[in-house]
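# A look at the structure
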Amino acid sequence: MKNEACQFDSCRFSRVCNHIHCIREGCTYVLHSSGQLYSHKRKHERRDAELAYRTLNESRNGLEIVIEIIGLNLNLQKMARPPVTTT
Ligand SMILES: [Zn+2]
Ligand SMILES: [Zn+2]
């Protein structure tokens, strides 16, 4: 597995060392261990969440949608944790 020719033409790590390319669109990050893969994946997830939140705020009636979602979350929490009935 080591020192394989990289499928990326302009890769400077090709045949040099084991590495992983991030395949996310617009990301040219190169990872050198599976441990980095996990933290880098989380970085993308966090960015995606921020992006989705920003898009929501910029959209028409964005605030109402956010309030609706917050209300929905509260309802879901209530449903997930039903009130304790004492006998
Ligand atoms: Zn490469
Ligand atoms: Zn990436």
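Keep in mind that this is a model prediction, so the values were computed, not measured. (Residues numbered from 1 in each chain as written. Chains lettered and ligands numbered in written order. Predicted model: local features only at pLDDT ≥ 70, side-chain atom pairs only at ≥ 80, totals over all residues.)

### Focus on the overall build of the protein
We apply this condition: What counts as a helix is a DSSP run of H or I of at least four residues, what counts as a strand is a run of E of at least two, and both are numbered from the N terminus. Put plainly, a residue is buried at 20 or more neighbouring C-beta atoms within 10 Å of its own, exposed at 12 or fewer, and partly exposed in between, counting only other residues' C-beta atoms, which are placed from the backbone.
The helix and strand tally for the protein stands at two helices and two strands. Counting from the amino terminus, helix and strand elements in the protein follow one another as β-β-α-α. The buried share of the protein, reckoned over its 87 residues, is 0%.

### Considerations on the environment of C6
Filter applied, for reference: Here contacts are defined at the residue level, using C-beta atoms placed from the backbone and a cut-off of 7 Å between them.
Of note, C6 is situated in the segment before β1 (20–21). Separated by twelve residues in the primary sequence, C6 and N18 have C-alpha atoms spaced 9.3 Å apart. Residues within four places of C6 in sequence aside, it is in contact with C11, F13 and S14.

### Quick look at unusual backbone geometry
One non-glycine residue, R15, adopts positive backbone phi at about 65 degrees. Relative to the assigned elements, R15 resides in the segment before β1. On the basis of neighbour count, R15 is assigned to the exposed category, with 10 C-beta atoms found within 10 Å.

### Some words on the confidence of the model for the protein
Should the pLDDT be low somewhere, the predicted coordinates at that spot are not to be read in detail. Applicable threshold: pLDDT expresses how confident the predictor is about each individual residue, on a scale running from 0 to 100.
When the pLDDT values of the protein are averaged, the result is 75; 63% of them are 70 or greater. Considering each helix and strand of the protein separately, the mean pLDDT is smallest for helix α2 (residues 62–80), with a value of 61, and largest for strand β2 (residues 30–31), with 89.

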